[in-house]
Amino acid sequence: GQSLEQPSEVTAVEGAIVQINCTYQTSGFYGLSWYQQHDGGAPTFLSYNALDGLEETGRFSSFLSRSDSYGYLLLQELQMKDSASYFCAVRDRTGANNLFFGTGTRLTVIP
Amino acid sequence: DTGVSQNPRHKITKRGQNVTFRCDPISEHNRLYWYRQTLGQGPEFLTYFQNEAQLEKSRLLSDRFSAERPKGSFSTLEIQRTEQGDSAMYLCASSSDRGSYNEQFFGPGTRLTVL
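Just so it is clear, the structure is predicted and the values come from calculations on it, not from any experiment.

*Asks:* Help me understand the pairing of strand β9 (residues 84-91) of chain A, please; the structure alone is not making it clear to me.
*Replies:* Side-chain positions along a regular strand alternate between the two faces of the sheet. Residue and element names in this part refer to chain A. For β9, a buried count of eight out of eight residues is recorded, marking the element as mostly surrounded by other parts of the structure. Alternating residues of β9 divide into Ala84, Tyr86, Cys88 and Val90 and Ser85, Phe87, Ala89 and Arg91, and every residue in both groups is buried. Here strand β4 (residues 32-37) pairs with β9 via six bridges, running antiparallel. Paired with glutamine 37 across the two strands is serine 85, which belongs to β9.

The structure is reproduced here in structure tokens:
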């Protein structure tokens, strides 16, 4: 089966840096994705790591270590609008086309 | 293109009634997914279409649920004999086969409340 673990809540100060961790167990691995979802909104794709290392997209970076079954999302120069839920996701199983999502990390940015 | 659209945005129904939701994916996206999300949880996969073919179904999708994508464009999700446990946000997503399976574009969802 599949499992993803991420912290349920994180609070950080505006302008700071925050790291949201995700550990996973899957029967097959096809990369780790990150999605952002504001309250009442749709999940929005942020990034995807298929190989080990760091992927940077503006203020957001994502890291993957396949040997440790671990990844993280790094948000820099936090803004109030970054307050949202963040989900890591993996392909469900060998040959699957859908995503298996974690339970999400609710990030609250405070002034 | 304005993204994935879903209708209705909200649906309140009584237990035992049938409901149908519609999803219009981003044009030319041949992959379409349905997910269900409850409060405090991540989206849970329900079913996947490539063009008009339904290629995957989750075991979460009981026989009361049926989905179609008759012409490979819009899709409908029908729930028969609704139960209170069906109350959730139903999300539709689409993606292109020229892109990654990992980058999916989600619609705003249909929130179902079963009384």
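*Asks:* It is not clear to me how the pairing of strand β4 (residues 31-37) of chain B should be interpreted in this structure. Could you clarify?
*Replies:* Residue and element names in this part refer to chain B. Counting buried positions over the seven residues of β4 gives seven, a clear majority of the element. The two faces of β4 match: Arg31, Tyr33, Tyr35 and Gln37 on one face and Leu32, Trp34 and Arg36 on the other face are all buried. In this sheet, strand β5 (residues 44-50) lies alongside β4 in antiparallel orientation, the contact comprising six bridges. Bridge pairing links tyrosine 35 to phenylalanine 45 in β5. In this structure, the hairpin formed by β4 and β5 is closed by a connection of six residues, where glycine 40 is found at a positive phi of approximately 80°.

*Asks:* When you look at the side chain of A:Arg91 in this model, what are you seeing that I'm missing?
*Replies:* Note that A:Arg91 resides in strand β9. The side chain of A:Arg91 is buried and forms no salt bridge, while B:Glu56, the nearest opposite charge, is found at 7.2 Å. Apart from the residues within four sequence positions on either side, A:Arg91 is in contact with A:Gln2, A:Gly28, A:Tyr30, A:Gly31, A:Ala96, A:Asn97, A:Asn98, A:Leu99, B:Tyr101 and B:Asn102.

*Asks:* In this structure, what is going on with the nonpolar core? I would like to understand it.
*Replies:* Nonpolar side chains tend toward joint burial in soluble globular proteins. Counting 21 residues, the largest nonpolar core has A:Val18, A:Leu32, A:Trp34, A:Leu75, A:Leu78, A:Tyr86 and A:Leu107 as its most contacted members. Taken together, the elements giving at least two residues each to this core come down to β2 (9-13), β3 (18-25), β4, β7 (60-65), β8 (70-75), β9 and β11 (105-110) of chain A. A:Leu78 has contacts with A:Ala12, A:Val13, A:Glu14, A:Gly15, A:Ala16, A:Val18, A:Arg59, A:Leu107 and A:Val109, leaving out every residue within four places of it along the chain. In this structure, B:Cys23, B:Trp34, B:Leu46 and B:Ile79 belong to the second largest nonpolar core, which totals 19 residues.

*Asks:* Mind showing me how you'd approach the side chain of A:Ser33 here?
*Replies:* Its place among the elements puts A:Ser33 in strand β4. A distance of 3.4 Å separates polar atoms of two side chains, one belonging to A:Ser33 and the other to B:Asn102. When neighbours within four sequence positions are excluded, A:Ser33 is seen to be in contact with A:Phe45, A:Ser47, A:Tyr48, A:Phe87, A:Cys88, A:Ala89 and B:Asn102.

*Asks:* How should the packing of aromatic side chains be read in this particular structure?
*Replies:* The relation between two aromatic rings is expressed through the spacing of the ring centres and the mutual angle of the planes. Scanning the model with the defined rule gives 16 aromatic pairs over all chains in all. Ring plane angle 85° and centroid distance 5.8 Å describe the contact between A:Tyr35 and B:Phe106, whose orientation is recorded as edge-to-face. Taken together, the residues A:Tyr35 in strand β4 and B:Phe106 in strand β10 (residues 105-106) connect one chain to another. Both residues of the pair, A:Tyr35 and B:Phe106, belong to the buried class. When the ring of A:Phe101 is compared with that of B:Tyr35, the centres are 5.8 Å apart and the planes differ by 85°; the resulting orientation is edge-to-face. Placement of the pair is A:Phe101 in strand β10 (residues 99-101) and B:Tyr35 in strand β4, with the two residues belonging to separate chains. Counting every residue linked through ring pairs, the aromatic cluster contains A:Tyr35, A:Phe45, A:Phe87, A:Phe101, B:Tyr33, B:Tyr35, B:Phe45, B:Tyr48 and B:Phe106. A:Arg91 extends its terminal NZ or CZ atom over the ring of A:Tyr30, reaching a point 4.9 Å from the ring centre. The aromatic ring of B:Phe74 is capped on one face by B:Arg22, whose charged end is 3.9 Å from the ring centroid.

Calculation criteria
Residues numbered from 1 in each chain as written. Chains lettered and ligands numbered in written order. Predicted model: local features only at pLDDT ≥ 70, side-chain atom pairs only at ≥ 80, totals over all residues. Heavy atoms only, no water. Buried < 20%, exposed > 50% of the residue type's maximum accessible area, 1.4 Å probe, protein only. Helix = DSSP H or I, 4+ residues; strand = E, 2+ residues; numbered from the N terminus. Pairing = 2+ DSSP bridges. Lys, Arg positive; Asp, Glu negative; His and termini not counted. Salt bridge = Lys/Arg side-chain N within 4 Å of Asp/Glu carboxyl O. Contact = heavy atoms within 4.5 Å. Core = buried A, V, L, I, M, F, W, Y, C linked by side-chain atoms within 4.5 Å. Polar contact = N/O pair within 3.5 Å; in protein donor to acceptor, adjacent residues only side chain to side chain. Phe/Tyr/Trp six-rings, centres within 6.5 Å; stacked < 30°, edge-to-face > 60°. Lys NZ or Arg CZ within 6 Å of the ring centre and 35° of its normal.

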